[in-house]
Amino acid sequence: MEARTTFTNLLAAEWMKIVRRPMALLLLGIFLTLTALQQTLWFLIVALQEGTFSGGNVTFGLLSTAAIEQIKRQLSLPGVFGAMLSAINGTGGILAVILTAGIFGSDFNWGTLRVLLTRAPNRGAYLSAKLVALQLALLSAMVITLIVGIVLALLFSGLLGLPQRLGIVDLLLLPIGMVRALLVMLPYTLIAAASAIVGRSVIAGVGGGLIFLAFDVSAGSLNTIGAVNPLIRALVNLLLQPNINRLIIENSRMFGLDQSVLTSALDLNLLPSQWQAIIVIIVYSAIFGYSAYRTLNRQDIGGAG
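Below is a summary of the structure that appears in this document.

Parameters at a glance
- Residues numbered from 1 in each chain as written.
- Predicted model: local features only at pLDDT ≥ 70, side-chain atom pairs only at ≥ 80, totals over all residues.
- Heavy atoms only, no water.
- Axes fitted to C-alpha atoms, helices over the stretch in contact; angles between N-to-C directions.
- Helix = DSSP H or I, 4+ residues; strand = E, 2+ residues; numbered from the N terminus.
- Parallel < 35°, antiparallel > 145°, perpendicular 65-115°, else oblique.
- Left-handed = near helix turned anticlockwise from the far one by under 90°.
- Contact = heavy atoms within 4.5 Å.
- Nonpolar A, V, L, I, M, F, W, Y, C, P; charged D, E, K, R; others polar.
- Phe/Tyr/Trp six-rings, centres within 6.5 Å; stacked < 30°, edge-to-face > 60°.
- Buried < 20%, exposed > 50% of the residue type's maximum accessible area, 1.4 Å probe, protein only.
- Lys NZ or Arg CZ within 6 Å of the ring centre and 35° of its normal.
- Expected span 1.5 Å × (residues − 1).
- Salt bridge = Lys/Arg side-chain N within 4 Å of Asp/Glu carboxyl O.
- Patch = residues over 30% accessible without salt bridge, like charges linked within 9 Å, V, L, I, M, F, W, Y side chains within 5 Å.
- Areas by Shrake-Rupley, 256 points an atom, 1.4 Å probe, with all protein chains shown as cover.
- Bend = angle between axes of the 7 residues up to and from the residue.

## Remarks on the packing of helix α5 (residues 91-109) against helix α8 (residues 168-199)
- Interaxial distance between α5 and α8 falls to 8 Å at its minimum, and their mutual angle equals 30°. Of the possible angle classes, the one that applies to α5 and α8 is roughly parallel. The two elements α5 and α8 cross, and the hand of that crossing is right-handed. Contact residues: Gly 92, Gly 93, Ala 96, Val 97, Thr 100, Ala 101, Phe 104, Gly 105 and Phe 108 in α5; Met 185, Tyr 188, Thr 189, Ala 192, Ala 193, Ala 196 and Ile 197 in α8.
- The residue inventory of the contact of α5 with α8, partitioned by class, reads eleven nonpolar, five polar and no charged.

## What to know about the packing of aromatic side chains
- Counted under the stated rule, the structure contains five aromatic pairs.
- Judged by centre distance (4.7 Å) and plane angle (10°), the rings of Phe 43 and Phe 156 are stacked. Of the two residues, Phe 43 is situated in helix α2 (residues 22-50) and Phe 156 in helix α7 (residues 123-160); the sequence distance between them amounts to 113 residues. Across the pair, exposure class does not vary: Phe 43 and Phe 156 are buried alike.
- Look at Phe 212 and Phe 288: their rings are 5.3 Å apart centre to centre, the planes differ by 80°, and that puts the pair in the edge-to-face class. In this pair, Phe 212 is assigned in helix α9 (residues 202-220) and Phe 288 in helix α13 (residues 274-298), connecting sequence segments 76 residues apart.
- Of the residues examined, Phe 288 reaches a relative accessible area of 10% and is grouped as buried.
- Three or more aromatic residues link up through ring pairs in this structure, and these residues are Tyr 188, Phe 212, Tyr 284 and Phe 288.
- Directly above the aromatic system of Phe 104 lies the positively charged group of Lys 130, at a separation of 5.8 Å from the ring centroid.

## Comments concerning the side chain of Asn 251
- Relative to the helices and strands, Asn 251 resides in helix α11 (residues 240-254).
- For Asn 251, the contacting residues outside a window of four places in its chain are Gly 82, Leu 85, Asn 89, Gly 177, Arg 180 and Ala 181.

## Section: α11
- The end-to-end C-alpha separation of α11 is 22 Å, in line with the 21 Å expected for 15 residues at 1.5 Å each.
- By the criterion of burial, α11 is predominantly enclosed, with 13 of the 15 residues buried.
- Gly 256 occupies a position one or two residues after α11 and carries a positive phi of about 85°.

## Thoughts on the pattern of salt bridges
- Within the structure shown, the criterion is met by eight salt bridges.
- A salt bridge links Glu 14 to Lys 130; the nearest nitrogen and oxygen atoms lie 2.8 Å apart. On the criterion of sequence distance, the pair formed by Glu 14 in helix α1 (residues 2-19) and Lys 130 in helix α7 is long-range, its members being 116 residues apart. You'll find Glu 14 and Lys 130 in the same group, each marked buried.
- Between Asp 107 and Lys 130 there is a salt bridge, and its shortest N-O distance comes to 3.0 Å. Placement of Asp 107 in helix α5 and of Lys 130 in helix α7 is noted, with a sequence separation of 23 residues between them. Across this residue pair, the class does not change: Asp 107 and Lys 130 are buried.

## A few points about a nonpolar patch on the surface
- Side chains of Leu 26, Ile 30, Leu 34 and Leu 37 sit close together on the surface and give an oily, nonpolar patch of about 360 Å² of accessible area.
- Relative to the helices and strands, Leu 37 resides in helix α2.

## Some remarks on α5
- The end-to-end C-alpha separation of α5 is 26 Å, in line with the 27 Å expected for 19 residues at 1.5 Å each.
- Where α5 bends most, at Ile 103, the angle is about 30°.
- Burial of α5 is extensive: 15 of the 19 residues sit out of reach of the surface.
- Just downstream of α5, Gly 111 is the residue with a positive phi angle, here 75°.

## Comments concerning the environment of Val 198
- Its location among the elements puts Val 198 in helix α8.
- Given the relative accessible area of 56%, Val 198 is considered exposed.
- C-alpha separation for the pair Val 198 and Ser 291, spaced 93 residues apart in sequence, amounts to 9.2 Å.

Below is the structure:
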């Protein structure tokens, strides 16, 4: 009972620190702005293609008919859910790494970790509280993003005359998509947390998280050599990025989108199954999470500065 109370107090404290942190609000604002700009760009492309601004008198052949149809789905319900979840796992993933580094590294930079562990010496509970608070913050940001997406969809679909087909099934599937989006970001946030703990600073967390993310995205290009041989494909699909791509695609498909239409280099047949993707991501996350716990549990707490 005492351990549960300690964890609850730590979780409440970490949550308050996140929601009151200016950096968290700044990152959320940046993400929502970029997402709105992206949707606006898609709207302008469709509007120019179909001559919306000229009453149909002046049209531009910017993209293929199939691509335009996909963009229309992204601009209306329920396709906008897939578009928002993809943005969350794209630009949002980078910003989540930065937020994680700030959450874990700031206690070292500010010299507050020693005081925190004096009051609650269980380092596992401290780490767990931070991770749970982080996931709750990401989930809250996800809800806000989806609400913004709905507003944009109603606006742009109204201007373009697009039909809305939102049903009960789509709403029931939305939590599944949100959980998958959180799972996609989990290994990247954990490697950022581990890097911040190892380097005892925010900059170490940002550097470690973004460097790993860059290498992982680059490794995703190896997916094309999987067509050479089934054994090579199986080995490549043990990397993190192909499995990440599978879950992102499944989220898009769930709301009627087809990523391969807009991304010709993406061969869906070379990607692992959804269940393999979930298992591989969980294994990577467990490795990074254990590394963070082991490092925090063994190191002498003093701070970087």
